[in-house]
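Notes for the structure review
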Amino acid sequence: MGVVNADVDVLVIGTGPVGLALANLLGIRGVSVAVMEKRDQLIDYPRGVGLDDESMRTIQAMGLAKEFLPYTIPHHIMRLVDGAGNVILTNNPQGEPYGWPRKFGFLQPLADKASFEGLSRFPHVTTTFGRELVKIEEVAGGVRATFEHVRGEEGEERTGEQETITAKYLVGCEGGRSFTRKWMGTEFEGKSPSTRWVVVDVNNDPLGAPNVYLGADPNRPYVSIGLPHGVRRWEFMLFDDEPTEKVEDNAFIEELLSEHIPEGTKLDVIRRRVFTHHGRMARSFRKGNVLIAGDAAHLMPVWMGQGYNSGIRDVTNLSWKLAGVLQGKFSPALLDTYDVERRDHAKAMIDLSMTFGTVIKPTDKKVAFARDTAAKLMNLSPRVKEYFADMKFKPVPRYGRGAVVDQATLKPGEADRSNDPSRRPRIITSRVAVNKMSPVGLQLIQPKVEYNGAEVLLDDALGLNHAMVSWGVDPARLFTSEQLAELAAAEIKLVCAVSPTQVEWAKQYVSEDTEVVSDITGALKGFFDTRAVGTVLVRPDRFVAAAMLNAQAGQAWEAYKRAASVRAYPKSTEN
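Residues numbered from 1 in each chain as written. Predicted model: local features only at pLDDT ≥ 70, side-chain atom pairs only at ≥ 80, totals over all residues. Heavy atoms only, no water.

The protein has the name 3-(3-hydroxyphenyl)propionate hydroxylase in an unreviewed UniProt entry, where Corynebacterium imitans is given as its organism.

Here's what the structure looks like:
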């Protein structure tokens, strides 16, 4: 039973980057959204400084890439240096497999502002400041949320007024102190190291050197980051005997910076704050029609710059599922896959960030010497050096369970078996597949293609929904008439990818409902070739839901219907 007279489809709590991204991703899909924020405005000081290619791909899906790019620096190199400034390792990943440079430095306040202004495109999306969430109630098919009116930058003054909003779903994106998570009663498990750091952001960068330097200096570990628009960030570890209040002393800040800037330098300080690194995750991301995302669901240290990006991954995964359920394409059971799919990768990023912190923070000179010596020896190996330079240590998001279909068995709901040789049934193509790992559960590459006479990135050709992409054949010929009706009801786009020499033939060959894209770079041909598959079903978040030989397309679709709880069947096939 649906919510009677629901005010909105989705209520989003928080105007941080995660809440704003979710509102944009829902808004662009026609979902009505109310965004509520305790503060009286967006946070206007720098916080996150690292943006990866996966997040840029989501920003592209939001239709805001052009608006974000002026606040970024692409190819942001990170170097870990010892106390003398000698490079221990370099992180400078190459290539653009997802259509964008692998790493960006960026100014979060301006990026958030662009995301916020993007909401003005949607009359069905509203944002209200000065509203603190104080109560959540479950009602028939939805939730009722009560807000207190507050004033002040941090929402510290209550006015005594209240208001109530009813929604079909509520998503808490209000950060680590999330009221939503506490209401859910889910534990926030993990570690919060006692080490404190002070961050100092300045305008008119007194150094000018771009990129990122992580200083593994045993005398005092530090971070120095060149950012867009002449902003520089420093971070310094505080020792146990240094009280937090000490950072308000200008002389102390000058002492911290004395070895990093020329003597007598006048600084235009944007902010200075003390923070503690956390590595924590909620035991559950969903309770009925209430969900959490971003820092409300997981906290991680800053070392890998993945707090922001992990939150964006959350809503990239969640948004299409919420929209699909609200639009009747899927049953609410699909939302269970949000927790299933995002949990393992979020934990992997937390673990990596915590481990990286232990490499940077030692203040024992013997420990630091041993670390530096080991790093120099490892750098003698080109393979090891490339491993760090190309960021191969970063866990790649891969959904082994959820809205996926195993390539080997066509079993719905899992993808692990096809990547475990000890458990993998024989795949017919295994003898000719160069890449033995199934692409199921991984993101599809995003090369440039020619589509409708224009050169675009692949996602812009695929659209916002699912896509069934076949190499060199019309996917419409791979399904029964009944299945084609199901695909149309689920708004799954049919795409025939071909080499440029085959475009004119393909346009004459394909059915009326199939689109043709020209593989102008050859990257798509390489993808299908090395994996020896003919067709892939791509989800709206651009993860591969199923990969198959063309003769298996019908079976794979039947399996995906079960894995994703598809219910947008034509009336003649409803059961």
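Right, picking up where we left off after that structure.
Some details on helix H14 (residues 523-531)
Keep this limit in mind: Working definition: with a 1.4 Å probe on protein chains only, accessible area under 20% of the residue-type maximum means buried, over 50% means exposed, and in between means partly exposed. Here a helix means four or more residues in a row that DSSP labels H or I, a strand means two or more in a row labelled E, and each is numbered from the N terminus. Along the arc lie the directions from the helix axis toward the C-beta atoms. The criterion used for residue contact is that any of the two residues' heavy atoms lie within 4.5 Å.
Of the residues making up H14, those classed as buried are Leu524, Phe527, Phe528 and Arg531. For H14, the angular spread of buried residues about the axis comes to 85°, placing them on one side. For H14, the elements touching its buried residues are strand E24 (448-451), helix H11 (458-462), strand E26 (467-471), strand E27 (493-498) and strand E29 (535-538). Within two residues after H14, Ala532 carries a phi angle of roughly 50°, on the positive side.

Re the nonpolar core
Keep this limit in mind: The term nonpolar core refers to a set of buried residues drawn from Ala, Val, Leu, Ile, Met, Phe, Trp, Tyr and Cys, joined through side-chain atoms within 4.5 Å. Those domain boundaries reflect an automatic or database domain assignment.
Counting residues in each nonpolar core, the largest one holds 95 residues, and the members touching the most others are Leu11, Val171, Leu537, Trp557 and Tyr560. With 8 residues, helix H7 (residues 306-326) is the largest single contributor of residues to this core. A domain-level breakdown of this core finds at least three residues from each of domain 1 (8-72 + 104-189 + 279-357) and domain 2 (401-564). Ignoring any residue separated from it by four or fewer positions in sequence, one finds Leu11 in contact with Ala34, Met36, Ala145, Phe147, Ile165, Ala167, Tyr169, Leu170 and Val171. Ala467, Leu524, Phe528 and Val533 belong to the second largest nonpolar core, which has 25 residues in total.

Observations concerning the sheet that holds strand E17 (residues 268-276)
We apply this condition: The pairing criterion is simple: DSSP has to find at least two bridges between the two strands. Angular values range over 0 to 180 degrees, each being the angle between N-to-C directions of two axes fitted as lines to C-alpha atoms, with helices fitted over their stretch in contact.
Spatially, 7 strands are ordered E6-E5-E14-E15-E16-E13-E17 in an open sheet, and the strand pairing comes out mixed. Unpaired on one side and paired on the other, strand E6 (87-91) and E17 mark the two borders of the sheet. Geometrically, the sheet is characterised by an average inter-axis angle of 15° between neighbouring strands, direction not taken into account. Where strand E15 (residues 222-226) meets strand E16 (residues 232-238), 5 bridges bridge the pair, whose relative direction is antiparallel. Each bridged residue has a counterpart across the sheet, and for Ile225 the counterpart in E16 is Arg233.

Topic: the pairing of strand E1 (residues 8-13)
As a reminder of what qualifies: Handedness of a crossover: with both strands directed away from the viewer, a clockwise path from the first strand across the helix to the second marks it as right-handed.
Along E1, 6 of the 6 residues are buried, which leaves the element largely enclosed by surrounding structure. Bridge count between E1 and strand E11 (residues 157-172): 5 bridges; the pairing is parallel. Its bridge partner being in E11, Ile13 is matched across the sheet by Gly172. The pairing of E1 with strand E2 (residues 33-37) spans 4 bridges and is classified as parallel. When the sheet's bridge partners are listed, Val12 is paired in E2 with Val35. Viewed along the sheet, the connection from E1 through helix H1 (residues 17-27) into E2 turns out right-handed.

Details of the pairing of strand E5 (residues 78-82)
Among the 5 residues of E5, 4 are classified as buried, and the element is accordingly described as predominantly covered. In this sheet, E6 lies alongside E5 in antiparallel orientation, the contact comprising 4 bridges. Its bridge partner lying in E6, Leu80 is registered against Leu89. Linking E5 back to E6 in an antiparallel pair, the connection comprises 4 residues, with Gly85 at a positive phi of about 85°. Two elements, E5 and strand E14 (residues 212-216), share 5 bridges in a ladder whose sense is parallel. Along E14, the bridge assignment pairs Leu80 with Leu214.

Remarks on the packing of H1 against H7
Going by this rule: Angle categories: roughly parallel below 35 degrees, roughly antiparallel above 145, roughly perpendicular from 65 to 115, and oblique for all the rest. Helix crossings get a hand from a simple test, with the near helix turned counterclockwise from the far one by less than a right angle marking a left-handed crossing and a clockwise turn marking a right-handed one.
It is the contact of H1 with H7, at a shortest axis distance of 9 Å, that shows an interaxial angle of 30°. Overall, the two elements H1 and H7 adopt an arrangement that is roughly parallel. Helix-helix and strand crossings are classified by hand; for H1 and H7 the assignment is right-handed. In contact with Pro17, Val18, Ala21, Leu22, Leu25 and Leu26 of H1, H7 contributes Tyr308, Gly311, Ile312, Val315, Thr316, Ser319, Leu322 and Ala323.

Regarding the pattern of salt bridges
The cut-off we apply is this: When a carboxyl oxygen of Asp or Glu lies within 4 Å of a side-chain nitrogen of Lys or Arg, that pair is called a salt bridge.
Tallied over the full model, the rule gives 33 salt bridges. Residues Asp336 and Arg286 are paired through a salt bridge, measuring 2.6 Å at the closest nitrogen-oxygen approach. Note that Asp336 is positioned in helix H8 (residues 336-360) and Arg286 in strand E19 (residues 286-287), a separation of 50 residues in sequence. Residues Glu491 and Lys329 are paired through a salt bridge, measuring 2.7 Å at the closest nitrogen-oxygen approach. In this pair, Glu491 is assigned in the loop between helix H12 (481-489) and E27 and Lys329 in the loop between H7 and H8, connecting sequence segments 162 residues apart. Taking the relative accessible area as the measure of exposure, Glu491 reaches 43% and is therefore partly exposed. Lys329 sits in the buried class, given a relative accessible area of 5%. Here the salt bridges do not stand alone but share partners, grouping Lys38, Glu132, Glu148 and Arg158 into one network.

Thoughts on the environment of Leu549
By the element assignment, Leu549 lies in the loop between strand E30 (544-548) and helix H15 (553-563). Overall, the relative accessible area of 24% leaves Leu549 in the partly exposed class. Expressed as a C-alpha distance, the spacing of Leu549 and Gly534, which sit 15 residues apart in the sequence, is 5.0 Å.

Overview of the side chain of Thr15
Structurally, Thr15 is set in the loop between E1 and H1. Overall, Thr15 belongs to the buried group, its relative accessible area being 5%. Excluding residues within four positions of it along the chain, Thr15 makes contact with Leu20, Val35, Glu37, Leu42, Thr127 and Phe129.

Quick word on the packing of aromatic side chains
Keep this limit in mind: Working definition: rings of Phe, Tyr and Trp (its six-membered ring) pair if their centres are within 6.5 Å, and the pair is stacked with planes under 30 degrees apart, edge-to-face with planes over 60 apart, and tilted otherwise. A ring is scored as having a charge over it whenever the NZ atom of a lysine or the CZ atom of an arginine sits within 6 Å of its centre and within 35 degrees of its normal.
Following the criterion strictly, the structure yields 9 aromatic pairs and no others. Considering the side-chain rings of Phe285 and Tyr338, the 5.9 Å spacing of their centres and the 50° angle between planes classify their relative orientation as tilted. You can see Phe285 sitting in the loop between strand E18 (279-282) and E19 and its partner Tyr338 sitting in helix H8, a full 53 residues away along the chain. Overall, the relative accessible area of 0% leaves Tyr338 in the buried class. Pairing Trp505 with Tyr509 gives two aromatic rings, centres 4.4 Å apart and planes at 15°, and the pair type is stacked. With a gap of 4 residues between them, Trp505 and Tyr509 both fall in helix H13 (residues 503-509), about one helical turn apart. Trp505 sits in the partly exposed class, given a relative accessible area of 41%. These aromatic residues form a ring-pair network of at least three members: Trp471, Phe527 and Phe528. Taking NZ or CZ as reference, Lys287 lies 4.6 Å from the ring centre of Trp183, over its face. One Lys or Arg, Arg343, reaches over the ring of Phe285 and ends 4.7 Å from the middle of that ring.

Looking at unusual backbone geometry
In terms of backbone geometry, most residues other than glycine have negative phi values and most peptide bonds are trans. Notably, Asn211 is not glycine yet its phi reads approximately 75°, a positive angle. Using a relative accessible area of 12% as the deciding quantity, one classes Asn211 as buried. Located in the positive-phi region is Glu491, a residue other than glycine, with phi close to 55°.

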